[in-house]
Structures are given as C-alpha cells and as structure tokens.
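# Commentary on secondary and tertiary structure
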Amino acid sequence: MQHLGSVSCLPSAVVPGLLNASETSLLTGAPKIRSCIILFYYGGPSHLDMFDMKPAAPDNIRGEFKQISTTVPGTFISELLPSHANIMHKISVVRSMHHTNRLHDSASTESLTGRQSPQGDREEFKPIRQFYPAYGAALSMLRSDLEQELPFVALPWVFRNVIPVPCQWGGFLGKTYDPFQITGDISKATFRADAFNRPADLPILRLKSRQQLLHQINSDGSLQAATSNRSFGTHLKKALELMQSTRLSKALKIEEESDATRAAYGLYDEKLPQGVRNVSGHQLRGQNLLMARRLVEAGVQFINVYDFRVQGQNWDSHANNFAEHRDRLVPPMDKAFAALINDLEDRGLLDSTLVIGMGEFGRTPKINANAGRDHWPDCYSITLAGGGVKGGYVHGASDNIGAYPVEKAVTPGDLAATIYWRFGINPNSDILDHTGRPHRLAEGHPIYELFS
C-alpha cells in the first residue's frame, strides 16, 4: 500500500475555510451535523431491482421483482426491501446519480472523494498513490482545530486489499489524515484496533510517566530535531492518547451489546452456509453498522463502512443478478440499514448524524445473457437519512428504463459538496496539495432540496 509522502497541511491552507455565522448565502451557518456514516456497497447494487423499479418496462429490463408500497403514499420500492419500506418516512432516495466511470476502481474513487482519479477510468493492477483525499480525511484537516480523538475511521477492512483502491486515505494531504483502521474478525463478528493495545505490564500510570519523561527530554526540541519526520511528535502524541483512551476502546467491545440488539442488526445471513458467511464477510455485515453506531456515540466524526472487500464476492452481479440480490445481497443490507436508522433515532443521534448508503454505480437496464446486469454509472440510486434529511422525499428521476437521469441529475461532486456543507464547511473552499497547488474542495453544489 503506497501513499504520497506525509504533508503537514493546516487549516491556514484553506480558502476561505470554515463558515462564519454572519454570512448570508445558503452556505452559511453552524455545522448541521456532528457525524457522517457512509455505507459503501462495493460492487454496484442494481437500482432497477431496489430503489428505482420500472414495472412498465419490457421483460428484459423490468426483472423478476415486484414493487411494494412504503410508509410514504405513492413511493414504491422493491419487495426485497421491506425494512426500508417500513422507515421510508425517514429516508430520502436520490434516483438521478450519475458519473462517467465504468470500472470499479475509478468509480469508487469518484464516489468516495467526489473527484475523478487523475488516472482516469481504469482498474489498478498495482498499488498506486492516492491523489484526492477521502471525505473524512479532508474534514479531519479542515476541522483539525477541534479536539477529536479519532476524526476519521474506516472498517472492517481495506477494500480490494491485495491492490487497494486509492480512495480510502488522506491522498495529497498526507498520512496524518488517513483513517484509523478498525479490523473485523469475520469468524467471531468482533472488532479490534491494534493502536489501543498496550503490553499487559504497562499500566496507565507507567505510560503517563513515560509520556512526561518524553516531554522533558524533548523540551528543547532535540528529539524532534533528531528525527527526519517532522510529524513524529504528532504521531507519537496521538499513539499515546489512543493507548489511554477508554471511551474509544470501549466502543470496540461490540460483544457488550445485548443479544437482542445484535440480532436486530443481523448477526449473519442464516440462508448461507457457515463457511460462506465467514469467508465472504457476511458474518460482519450487520455488525459493521452496529459498530458504526457505537463509534458515533464515542464522538467519531466520519465513518466509512465497506460492505465487501474483494471482487467476486460483492455486489458485482454480472451473472444471476436476481438470485444474488434476493438470496445473498439485499436482505442483510435491508435489515441492518433500518436497524441503524431506528437505533440512532432511539438514542437521540439521528438528527446530528448523516447516513448515506451507496455503491460506486448501478447496473445496466438490459439484462444480459447470464441473467445478470453489468456496470452502469449513467444513472443509479443512493439513500440518505438523518442529519436533517427530509424523510419520504425522492430527489430526481430516471427515464422509463432507468438508463439516464431526466430530472435533477446529481453527481458525486454534488454529494461531496452536500457533506461538507452539512459539516459547516464551504465546499467552494480551496485546499492545497503537496506542491502548493489549490484544488476546489468539491466540484459540485449542495443538494439543498434533500433537507428540511
């Protein structure tokens, strides 16, 4: 895994930066949210079989599933999504997302950074450096004046782990703004983070004594001067803080949740053999979202949850699209998403937490010869809830076969602008790369209509 060299980028490298309450445009005001969770359905779910069904389309487009009514009169979604249907009054659906990347890596990059990769629309067959920062990384830099133990977390793995997709880290902002990685144990549906571990014979008091000694030794700057990495002191300070953090280490102890709560999120997909559950990560799918809720409670600002890790065992349904969506992919996702939204609401956290469910693209309207659907970035759907989102609202529309937007088209750049705006940050700001060149924080415009 390769990154650009660590760069010390401070908020002063941003123009104009955090918004002032005295500004009068739509971009003004205090932050509307404290946290954001992105649920990334790697591989590309079929919008035509989930959120944008076309019951009047020909057989070779319509597919096998029927639409069902929801808690919002006149809004229909797939029969595969009964849990979503029961909370549709809390969800907004965007049916007009689109971009130009037809391959997984480039589409994931634009989806998770808001910008197309400098490499263009291509798959990577060797590790490359990430250029544009992930949303959580940019927010970590822009809000670095806030006291946050962990501003940006990713779980339960790095996706496409052999050749990681270059969209998951700090990019040109440097490794300082990489996410804190939480690892899931797919055999036990538990989580760990090595940074919280300390030797059994190193109690907190002794650790604090060592920290004080280090401070004394470095009081004249000699230690920092002796290191080639100028951020050594910052990383060391953060490591010591994490080793002493009780709130965040407790958040990882998902086993402390009641059996009823864990079951509400879906401990595993009972339809699948045990070996398949574990190897492909199905054991973790619902528990990932429960962990995300625990991290929000612990004060984490931005959380990326990667639904799958590798190609071939994800949402990429080139063959048997209908069996895959019906038997393996959608039911656990449906159950866990609704559980997360209801749980956040019950705990008084939904209004301050924006939850986004999305893949990197949708699937082709036309069903192929293998009963599958292929990659389709020209039009697809995403869902949003919490953070002031208007429940029961459908934004945009596709044509009569779900191929192209015909109303209120939305890009990943627009989604990026929306996320930054909800955090109280002007998406028109410029951030500087390692050469000092400015880059617009987001190329799009906030989707104001999604919010009350």
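Residues numbered from 1 in each chain as written. Predicted model: local features only at pLDDT ≥ 70, side-chain atom pairs only at ≥ 80, totals over all residues. Heavy atoms only, no water.

Bringing the environment of Ser69 into the picture now. Turning to its location among the elements, Ser69 is positioned in strand 3 (residues 67–69). In sequence terms Ser69 and Glu79 are ten residues apart; their C-alpha atoms lie 8.7 Å from each other. In this structure Ser69 touches Thr75, Phe76 and Ala85, once residues within four positions along its chain are discounted. (Helix = DSSP H or I, 4+ residues; strand = E, 2+ residues; numbered from the N terminus. Contact = heavy atoms within 4.5 Å.)

Taken as a whole and assessed by the stated rule, the structure comprises 17 aromatic pairs. Seen from their ring centres, Phe40 and Tyr42 are 6.4 Å apart, and the 25 degrees between their planes marks the pair as stacked. Pair check on accessibility: Phe40 and Tyr42 agree, each one buried. Consider the rings of Phe152 and Phe302, whose centres lie 6.1 Å apart with planes at 80 degrees: the pair is edge-to-face. Of this pair, Phe152 sits in strand 6 (residues 152–155) while Phe302 sits in strand 10 (residues 302–306), placing them 150 residues apart in sequence. (Phe/Tyr/Trp six-rings, centres within 6.5 Å; stacked < 30°, edge-to-face > 60°. Buried < 20%, exposed > 50% of the residue type's maximum accessible area, 1.4 Å probe, protein only.)

Extensive coverage of strand 10 is indicated by the burial of five of its five residues. Alignment of strand 2 (residues 35–40) against strand 10, held across five bridges, turns out to be parallel. Across the sheet, Ile38 pairs through a bridge with Asn304, a residue of strand 10. Across four bridges, the pairing between strand 6 and strand 10 is parallel. Looking at strand 10, one finds that Leu155 is bridged to Val305. (Pairing = 2+ DSSP bridges.)

With that settled, the discussion passes to the packing of helix 11 (residues 285–297) against helix 12 (residues 321–346). The geometry of helix 11 relative to helix 12 is characterised by a closest axis approach of 8 Å and an angle of 20 degrees between their N-to-C directions. Considered as vectors, helix 11 and helix 12 are oriented roughly parallel to each other. Note on packing geometry: the crossing formed by helix 11 with helix 12 is right-handed. Residues Arg285, Gly286, Leu289, Leu290, Arg293 and Val296 of helix 11 form the contact with helix 12, whose participating residues are Arg328, Leu329, Pro332, Met333, Ala336, Phe337, Leu340, Asp343 and Leu344. Residues of the contact of helix 11 with helix 12, tallied by class, amount to ten nonpolar, one polar and four charged. (Axes fitted to C-alpha atoms, helices over the stretch in contact; angles between N-to-C directions. Parallel < 35°, antiparallel > 145°, perpendicular 65-115°, else oblique. Left-handed = near helix turned anticlockwise from the far one by under 90°. Nonpolar A, V, L, I, M, F, W, Y, C, P; charged D, E, K, R; others polar.)

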